[in-house]
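Geometric and topological summary
In case you want the letters, here they are:
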Amino acid sequence: MKLSVIIPVYNERKTLGHVISAVKSVLLDVEKEIIIVNDGSTDGPVPEATITFEQNRGKGAALRAGFAKATGDIILIQDGDLEYDPREYQSLIQPILDGKADVVYGSRLVTHHPHRVLYNHHYLANKFLTSFSNLFSNLNLSDMETCYKVFSRSALDDIKPCLTANRFGIEIELTAQISKHHLRVYEVGISYSGRTYEEGKKIGWKDGVAALWHIIRYNVFRRS
């Protein structure tokens, strides 16, 4: 049994080394494969990269490239910053190992784990977008925009041909396709150490506005 960890990175030079070390140091019941996709970073070379884009294409494009490269039985998405803790991998993959889930979401909102207190407007926006997405997908997720999404190989193979989003809309498209393919979804509470904009956070209000359109687009106009 093998876990493929897909790490899309864009200008994460300061944190990537720490993330890679953290992923490598995690003791699991499965073998690990790390796939790093350098999405056209301009803050320096990324010698650790498995795949390199010459220009920035967006998180969705980077993930699709990583998915195509992955050989694991379970595939997990890990951001290249320090907001998510790889020490929680075992609890994230366990529902799939137990045969209960096809997909696992790591929820920052339904959890007993610690999380950094930051922007209230981000919290409210995430709650609203998740609820709006749930109306269309008929899933009762608490945290649709979470980085930690984990897939069994068969689940990813089902939805992978349907993915087209190049940027942050990939989170919404993944959720829409999971619903359309009637996959079994579990949520696991995770910790969260969010970054400020000064520390490199990239999501802004424009992404929130775009997310509304993506929810409608990928749930209503995309039938497969």
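Residues numbered from 1 in each chain as written. Predicted model: local features only at pLDDT ≥ 70, side-chain atom pairs only at ≥ 80, totals over all residues. Heavy atoms only, no water.

Our focus in this paragraph is the overall build of the protein. In terms of regular secondary structure, the protein is built from 7 helices and 7 strands. Across the protein, helices and strands are ordered from the amino to the carboxyl terminus as β-α-β-β-α-β-α-β-α-β-α-α-β-α. Looking at the 224 residues of the protein, the share that counts as buried comes to 51%. Looking at the protein alone, contacts between residues at least 24 apart form 77% of all its contacts between residues at least 6 apart. Accessible surface for the protein amounts to roughly 10,700 Å². Of this, 55% is attributable to carbon and sulfur atoms. (Helix = DSSP H or I, 4+ residues; strand = E, 2+ residues; numbered from the N terminus. Buried < 20%, exposed > 50% of the residue type's maximum accessible area, 1.4 Å probe, protein only. Contact = heavy atoms within 4.5 Å. Areas by Shrake-Rupley, 256 points an atom, 1.4 Å probe, with all protein chains shown as cover.)

Moving on, we come to the nonpolar core. Residues Leu3, Phe67, Tyr89, Leu92 and Phe151 are the most contacted members of the largest nonpolar core, which totals 62 residues. In contact with Phe67, not counting residues within four places along its chain, are Ile6, Ile75, Ile77, Phe151, Leu156, Lys160, Leu163 and Leu174. (Core = buried A, V, L, I, M, F, W, Y, C linked by side-chain atoms within 4.5 Å.)

Our focus in this paragraph is the environment of Phe132. The residue Phe132 is located in helix α4 (residues 120-137) in this model. Sequence-distant contacts of Phe132, that is, excluding residues within four places in its chain, are made with Leu212, Ile215 and Ile216.

Let us look at the sheet that holds strand β7 (residues 185-189). Strand pairing in a sheet takes place through backbone hydrogen bonds and is either antiparallel or parallel in direction. Pairing is mixed in the open sheet, where 7 strands are placed in the order β3-β2-β1-β4-β6-β5-β7. For this open sheet the edge positions go to β3 (51-53) and β7, each flanked by a neighbour on one side alone. On average, adjacent strands in this sheet sit at an angle of 20 degrees to one another, irrespective of strand direction. In terms of strand pairing, strand β2 (residues 31-39) meets β3 through 3 bridges, oriented parallel. Pairing of Asn38 across the sheet is with Thr52, part of β3. Relative to β2, helix α1 (residues 13-25) is tilted by about 165 degrees, and along the sheet it contacts β1 (2-9) and β2. Contacting β4 (74-77), β5 (103-107), β6 (149-152) and β7, helix α6 (residues 170-180) runs over the sheet at an angle of about 40 degrees to β6. (Pairing = 2+ DSSP bridges. Axes fitted to C-alpha atoms, helices over the stretch in contact; angles between N-to-C directions.)

Once that is clear, we can look at the side chain of Ser137. Among the structural elements, Ser137 can be located in helix α4. Given the relative accessible area of 5%, Ser137 is considered buried. Contact partners of Ser137, with chain neighbours within four places excluded, come to Ser179 and Asn219.

Let us now look at the pairing of β4. Alternating residues of β4 divide into Ile74 and Leu76 and Ile75 and Ile77, and every residue in both groups is buried. Bridge analysis of β1 against β4 gives 4 bridges, and the strand direction is parallel. Within the sheet, the bridge partner assigned to Ile6 lies in β4 and is Ile77. Here β4 pairs with β6 via 3 bridges, running antiparallel. If you follow Ile75 over to β6, its bridge partner there is Phe151.

Glycine aside, the phi torsion of most residues is negative, and most peptide linkages are trans. At Asn11, a residue that is not glycine, the phi angle is positive and equals roughly 55 degrees. In this fold, Asn11 is placed in the loop between β1 and α1. On the basis of relative accessibility, which here comes to 25%, the residue Asn11 falls in the partly exposed class. The phi dihedral of His182 falls on the positive side, at around 55 degrees, and the residue is not glycine. Along the polypeptide, His182 turns up in the loop between α6 and β7. For His182, a relative accessible area of 70% corresponds to the exposed category.

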